[in-house]
Amino acid sequence: MSITLELEAFVFDGVPGKRPMVLAGPCSAETEAQVMETARHLKENGIRIFRAGIWKPRTRPNTFEGVGKKGLPWLKHVKEELSMYTATEVANASHVFEALKYGIDIFWLGARTTANPFAVQEIADALNGVEIPVMIKNPVNPDVELWIGALERINQAGIKKLAAIHRGFSTYGKSLYRNDPHWQIPIELKRRIPDLTILTDPSHICGNRDLLFEVSQKAMDLNFDGLIVEAHCNPDKALSDAGQQITPKDLKQLLSNLVLRKANVDNAVIMNTLDELRSQIDKYDDRLMEILGNRMIISEKIGTYKKKNNITILQSTRWDELLHQRISNGEKKGLSEEFIIKLFRAIHQESINHQTKVMNE
Ligand code: PEP
Ligand code: MN
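Source: prediction; values computed, not measured.

1. A word on the overall build of the protein chain
The helix and strand tally for the protein chain stands at 13 helices and eight strands. Across its three principal axes, the protein chain shows a C-alpha extent of roughly 80 × 55 × 40 Å. Across the protein chain, the fraction of contacts at a sequence separation of at least 24, relative to all contacts at a separation of at least 6, is 73%. Surface exposure of the protein chain reaches about 19500 Å², of which carbon and sulfur atoms provide 52%. Of the charged side chains in the protein chain, 47 are positive and 46 negative, and the gap between their average positions amounts to 3 Å.

2. Description of the pairing of strand β4 (residues 106–109)
Because side chains alternate across β4, one face comprises the buried residues Ile106 and Trp108, and the other comprises Phe107 and Leu109, equally buried. Relative to β4, strand β3 (residues 85–89) runs parallel, the two sharing three bridges. Residue alanine 87 lies in a different strand from β4, and its bridge partner there is isoleucine 106. Between the parallel pair β3 and β4, the chain is carried across by helix α3 (residues 93–101), and the sense of this crossover is right-handed. Alignment of β4 against strand β5 (residues 134–137), held across three bridges, turns out to be parallel. What sits directly across from leucine 109, in β5, is isoleucine 136.

3. Remarks on the coordination of the manganese ion (ligand 2)
In this structure, Cys27 (SG), His204 (NE2), Glu230 (OE) and Asp241 (OD) serve as the protein donors to the manganese ion (ligand 2), at separations of 2.1 to 2.4 Å. Within one chain, the residues serving as donors to the manganese ion (ligand 2) are arranged as C-x176-H-x25-E-x10-D. Highlighted residues: cysteine 27 in the loop between β1 (21–25) and α1 (32–44) and aspartate 241 in the loop between β8 (226–230) and α10 (248–257), separated in sequence by 214 residues. Judged by relative accessible area, which is 16%, aspartate 241 ranks as buried.

4. Re the packing of α1 against helix α2 (residues 72–82)
In a packed pair of helices, the relevant descriptors are the angle between the two axes and the axis-to-axis distance. Relative orientation of the contacting elements α1 and α2 amounts to 35 degrees, with a least axis distance of 10 Å. Crossing geometry of α1 relative to α2 is assigned as right-handed. Listed contacts from α2 to Glu32, Val35, Met36, Ala39, Arg40 and Lys43 of α1 are Trp74, Leu75, His77, Val78, Glu81 and Leu82. Its residues assigned to classes, the contact of α1 with α2 shows seven nonpolar, one polar and four charged.

5. Concerning the site of ligand 1
Around ligand 1 there are 13 residues in total, and Arg51, Lys56, Ala111, Lys137 and Arg167 lie nearest to it. Arginine 112 places a polar side-chain atom, nitrogen or oxygen, 2.9 Å from an oxygen atom of ligand 1. The contact in question runs from an oxygen atom of ligand 1 to an N or O atom on the side chain of histidine 204, over 3.3 Å. In isolation ligand 1 has 290 Å² of accessible area, and contact with the protein removes 97% of it.

6. Some remarks on α3
By the burial criterion, the buried members of α3 are Ala93, His95, Val96, Glu98 and Ala99. The elements touched by buried residues of α3 are α2, β3, β4 and α5 (117–127). Measuring from the side-chain oxygen of the N-cap residue of α3 to the backbone nitrogen of serine 94 gives 3.1 Å; that N-cap residue is asparagine 92. Following α3 by one or two positions, glycine 103 adopts a phi angle in the positive range, close to 65 degrees.

7. Topic: helix α13 (residues 337–359)
Between the first and last C-alpha of α13 there are 32 Å, a value that for 23 residues agrees with the 33 Å anticipated at 1.5 Å per step. Of all the positions in α13, only Ile340, Ile341, Phe344, Ile347, His348, Ser351, His354, Gln355, Val358 and Met359 are classed as buried. Contact partners of the buried residues in α13: α11 (268–309) and α12 (316–332).

8. What to know about the packing of α11 against α13
Contact geometry for α11 and α13: axes closest at 8 Å, N-to-C directions at 45 degrees. The orientation of α11 with respect to α13, classified from their angle, is oblique. Crossing geometry of α11 relative to α13 is assigned as right-handed. Facing Leu292, Arg295, Met296, Ser299, Glu300, Ile302, Gly303, Thr304, Lys306 and Lys307 of α11, the residues of α13 in contact are Phe344, Ile347, Glu350, Ser351, His354, Gln355, Lys357, Val358 and Met359. Residues that form the contact of α11 with α13 fall into these classes: seven nonpolar, six polar and six charged.

9. A closer look at the sheet that holds β4
Strands sit in the order β1-β2-β3-β4-β5-β6-β7-β8 around a closed barrel of eight strands; the barrel is parallel. Neighbour-to-neighbour, the strand axes of the sheet open up by a mean angle of 25 degrees, direction not taken into account. When strand β7 (residues 197–200) meets β8, the two strands line up parallel, connected through two bridges. Following the sheet pairing, leucine 199 is matched in β8 by glycine 226.

Calculation criteria
Residues numbered from 1 in each chain as written. Chains lettered and ligands numbered in written order. Predicted model: local features only at pLDDT ≥ 70, side-chain atom pairs only at ≥ 80, totals over all residues. Heavy atoms only, no water. Helix = DSSP H or I, 4+ residues; strand = E, 2+ residues; numbered from the N terminus. Contact = heavy atoms within 4.5 Å. Areas by Shrake-Rupley, 256 points an atom, 1.4 Å probe, with all protein chains shown as cover. Lys, Arg positive; Asp, Glu negative; His and termini not counted. Charge placed at Lys NZ, Arg CZ, Asp CG, Glu CD. Buried < 20%, exposed > 50% of the residue type's maximum accessible area, 1.4 Å probe, protein only. Pairing = 2+ DSSP bridges. Right-handed = clockwise from strand over helix to strand, strands pointing away. Donors = N, O, S within 2.8 Å, 3.2 Å for Na, K, Ca; no water. Axes fitted to C-alpha atoms, helices over the stretch in contact; angles between N-to-C directions. Left-handed = near helix turned anticlockwise from the far one by under 90°. Nonpolar A, V, L, I, M, F, W, Y, C, P; charged D, E, K, R; others polar. Near = heavy atom within 4 Å. Polar contact = N/O pair within 3.5 Å; in protein donor to acceptor, adjacent residues only side chain to side chain. Expected span 1.5 Å × (residues − 1). Parallel < 35°, antiparallel > 145°, perpendicular 65-115°, else oblique.

This is the structure in structure tokens:
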């Protein structure tokens, strides 16, 4: 089901469709000198939209929670002295009113805010009748509906210049990323709202500098519109998110290393070859469906048999052995362990559902 939002192009610098649109700046505004120095270096390195957090949603108390409204005049200086656009996070109605007084050009809602419909609605009410571009980060939990809900609430307040920021999702336990990208979720968002501008925030996905390029390149390969990257004049000394921030110079390098591929080509030979390969994929998908359907028929037979003999549906040793065997088999065919586990968990769940159905008949 696709969603209809009333959208206007989210364009800066008057170049529609120019990719990537880039916002950059420190996680937090710390001092006027740090803000001005970072912004100046960013501008020298080609950046036109400056981001900085004024109010910081920190996980634990007694950490740096942002300078608060005293930082707003610093952003106004950036705008006036360097002719840059400015962007900051708003998390409640009073942030909206304060930031508007200082001519901030773009607002964003943070991941923790998007997860809270009361907070989103409060911000939507404060924005009613105001014309300002708003970017909405994905919620901390991997829930595309919650993300869409926040976009709808802000859109219903009359905000038409809307964008989504993909910043990854919390996970429990060890992971390569600070916030798992779950690329399928922004892809689904794009499917549901095709005209929506989507930016990726590699900084909060990675939580470190090493993976920034790889994640940014992936966002470009998925044809997302832009990037919002944390940059600081002295990253190691940053008061928040020090490990993931980069210098304006390193940002320029990262951007110039990106390979930008075209979404569509008008060369008939290329398109025919792609169409041919895609039709092979369609055939394999058909076969997969047929095989899965047949597998479920067997599951139901097993269910009927278990019912007759009074045996429980789930037998964990069998499931454990099956999974190990499938992993080793799948790896031989070039499939990753992570994928095989996800695939077989889904298949196994569907089998249990089929067995439960026949057991209850
Ligand atoms: C930020 O952009 O600095 C921030 C706090 O991000 P998030 O809401 O994605 O955690
Ligand atoms: Mn940050």
